[in-house]
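Summary of the model geometry
The chain contents come next:
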Amino acid sequence: MVLFIALRASKIQKPFLSTLASTRPKATVIGGTGFVGSNVVLQLLKKGYDVRATCRDVNKSQWLKQLSERETNVSSNNVELVPLTLTAESPPDKLMDTLLEGTEAVFFCAGFEHQDPSTIDFMVKNAVAVCKAAKRQKCECVVLTSSGGSTNPIGHKNEVPKNEILHWSDPENQKSKGRFSPAAKTLMELNSLSEYGRNSKNEVVDNKKAEGSPRLCIMNPNLILGPQLHPGPISGNSLPWIVSILKGEKMNSEIPNDSMSIIDVRDLAALHVACASDKTASGRYFGVNKSFPWEEILSGFEKAYPSYKKPKRFEGRSAVPTQFDFSRRDSLGLKLRSLDQTLADLVEFLSEKGSI
């Protein structure tokens, strides 16, 4: 989500969540009312955190407090909503320091999904500003929501399992092809690691920068599916696209002989929180269940939503789906939902919304 509402640092309540018991750990979620961010808020509350969530408009975001109370049996007072503006310029240090004061973990879930060069400045400058403020405020962990688009080396073959530590996209190549959004995520990650004195393999290369730095964890998802918590119309990139497929408006002539890497948004949020909770977690983690052939995905939708009929199958042998080395993801100890469960829950949600 892109955040538009302005905030002066002096308007943030101090001390942080002063009405709450000091024994609960505290976290800040930047982009807290977005598709991923709102799910991170719920997961944090379930794990015993108090949460400060940034939003576009506090009055219009009360649904998050109400939902949190209903879904987690935690008082809505355990969530503080704060309006925030993020632009393509670095936010003021004082604002970021006040926002992160007293927090153990900060989650950067804001996004700017436009194929435009300004996307790069937005993602890089704001993520680095978060990293700097987290270090000044002695936060224990920073978790960035990035993208699997930063893990695609030129010439990589699907048959070779991708490894998040070793495999990186070339941001200059991405920019040359007009793929500014994935280039922004690649550069956001590299610059954030560098801010903490680490290289692309998460190795310390600058002891001075690394000293006193928080742990930095980066989540790399691709297609994120699942129910949207925001009560308004479906938004973002993934859900409207899926609706167009289920309505027969897209992907309607032939099943693509290709695959898509998918994760349930609830599982992705749980992985975010697991990174903060596991004191050994550091570096990049695939936020992916697995890469499923489109033939399997569309068959799953046909099963979950009988009104949908998948198009004809492509001719020939099936292409090999993207392979992953999930050893780092699995070290976080979470069991992920099946594809059938994610698709069934998504279809139920879209039907209840009247989108299909």
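The sections below set out a description of the structure shown in this document.

Reading the values: the criteria
Residues numbered from 1 in each chain as written. Predicted model: local features only at pLDDT ≥ 70, side-chain atom pairs only at ≥ 80, totals over all residues. Heavy atoms only, no water. Salt bridge = Lys/Arg side-chain N within 4 Å of Asp/Glu carboxyl O. Buried < 20%, exposed > 50% of the residue type's maximum accessible area, 1.4 Å probe, protein only. Helix = DSSP H or I, 4+ residues; strand = E, 2+ residues; numbered from the N terminus. Expected span 1.5 Å × (residues − 1). Contact = heavy atoms within 4.5 Å. 1 Å grid on protein atoms, 1.4 Å probe; cavity = no way out; pocket = protein on both sides within 12 Å on 5 of 7 lines; lining within 4 Å. Points joined across faces, edges and corners; volume = space filled by probe spheres on them. Nonpolar A, V, L, I, M, F, W, Y, C, P; charged D, E, K, R; others polar. Pairing = 2+ DSSP bridges. Axes fitted to C-alpha atoms, helices over the stretch in contact; angles between N-to-C directions. Parallel < 35°, antiparallel > 145°, perpendicular 65-115°, else oblique. Left-handed = near helix turned anticlockwise from the far one by under 90°.

A few words on the pattern of salt bridges. Enumeration over the complete set of coordinates arrives at 16 salt bridges. When the shortest N-O distance is used, the salt bridge between Glu 302 and Lys 310 registers 2.8 Å. Among the residues examined, Glu 302 registers a relative accessible area of 23% and is labelled partly exposed. The closest approach of N and O atoms between Lys 303 and Asp 340, which form a salt bridge, is 3.7 Å. Of this pair, Lys 303 sits in helix H10 (residues 294–304) while Asp 340 is found in helix H12 (residues 339–353), placing the two residues 37 residues apart along the sequence. Classification of Asp 340 as partly exposed rests on a relative accessible area of 41%. A cluster of three or more residues bridged by salt bridges with shared partners is formed by Asp 93, Asp 97 and Arg 136.

Turning our eyes to something else, we now look at helix H6 (residues 180–195). The end-to-end C-alpha distance of H6 is 22 Å, a good match for the 22 Å that 16 residues give at a rise of 1.5 Å each. Burial analysis of H6 places twelve of its 16 residues in the buried class, which makes it a mostly covered element. Packing partners of the buried residues in H6 comprise strand S4 (105–108), helix H4 (118–136), strand S5 (141–145), helix H5 (171–176), strand S6 (215–221) and strand S9 (283–287).

Roughly 310 Å³ of internal volume is contained in the second largest pocket. Taken together, 16 residues line the second largest pocket, and the ones lying closest to its centre are Asn 39, Glu 71, Pro 227, Leu 229 and Arg 266. Looking at the lining of the second largest pocket, the elements that each hand over two or more residues are helix H1 (35–46), helix H2 (62–72) and H12. In terms of residues, the lining of the second largest pocket owes the most to one element, H12, which gives five residues. Across the lining of the second largest pocket, the residue classes break down as five nonpolar, three polar and eight charged.

A word on the environment of Val 36. On the secondary structure map, Val 36 appears in helix H1. Each C-alpha atom of the pair Val 36 and Leu 268 lies 7.7 Å from the other, and the pair is 232 residues apart in sequence. Setting aside anything within four residues of it in sequence, one finds Val 36 in contact with Cys 109, Thr 145, Ile 224, Val 265, Leu 268 and His 272.

The subject of this paragraph is empty space enclosed by the protein. By the definition in use, this model includes three cavities of 30 Å³ or more. Approximately 50 Å³ is the volume found for the largest cavity. Together, Pro 256, Asn 257, Asp 258, Pro 293, Trp 294, Glu 295, Phe 314, Ser 318 and Ala 319 line the largest cavity. By residue class, the composition of the lining of the largest cavity is five nonpolar, two polar and two charged. Size it by volume and the second largest cavity reaches roughly 40 Å³. If you go around the second largest cavity, the residues you meet are Tyr 49, Glu 104, Ala 105, Glu 140, Cys 141, Arg 215, Ala 276 and Lys 279. Residue classes in the lining of the second largest cavity are distributed as four nonpolar, no polar and four charged.

With that out of the way, let us pick up the sheet that holds strand S8 (residues 259–264). The strands making up a sheet are joined through hydrogen bonds of the backbone, oriented either antiparallel or parallel. Taken together, three strands build an open sheet; the order of strands is S7-S8-S10 and the sheet is mixed. Here the strands that pair on one side only, and so sit at the sheet edges, are strand S7 (223–225) and strand S10 (290–293). Averaged over all pairs of adjacent strands, the angle between their axes in this sheet comes to 45°, without regard to strand direction. In this sheet, S8 lies alongside S7 in parallel orientation, the contact comprising three bridges. If you follow Leu 223 over to S8, its bridge partner there is Ile 262. Packed on one face of the sheet, helix H9 (residues 265–277) meets S7 and S8 and runs near 65° to S8.

Taken together, seven strands build an open sheet; the order of strands is S3-S2-S1-S4-S5-S6-S9 and the sheet is parallel. Edge positions in the sheet fall to strand S3 (79–83) and S9, since each has one partner strand and no second. In this sheet, neighbouring strand axes are inclined to one another by 20° on average, regardless of whether the strands run parallel or antiparallel. Against the sheet, H1 touches strand S1 (26–30), strand S2 (50–55), S3, S4 and S5, its axis set at about 170° to S1. Against the sheet, H2 contacts S2 and S3, and its axis sits at roughly 165° relative to S3.

Running from N to C, helix H3 (residues 93–100) and H4 point in directions that differ by 60°, and their axes come no closer than 9 Å. The angle between the axes of H3 and H4 places the two elements in the oblique class. Seen along the crossing, H3 lies across H4 with a hand that is right-handed. Between H3 and H4, the contacting residues are Asp 93, Met 96, Asp 97 and Leu 100 on the first element and Val 130, Ala 133, Ala 134 and Arg 136 on the second. By residue class, the composition of the contact of H3 with H4 is five nonpolar, no polar and three charged.

For the rest of this paragraph, the subject is the pairing of S4. Residues Ala 105 and Phe 107 of S4 are buried on one face, and the alternating residues Val 106 and Phe 108, pointing to the opposite face, are buried as well. Pairing analysis gives four bridges linking S1 to S4, with the strands arranged parallel. Within S4, the position partnered with Ile 30 by the bridge is Phe 108. Two strands pair when backbone bridges link them, and S4 and S5 are joined in this way by four bridges, in the parallel orientation. Within the sheet, the bridge partner assigned to Phe 107 lies in S5 and is Val 143.

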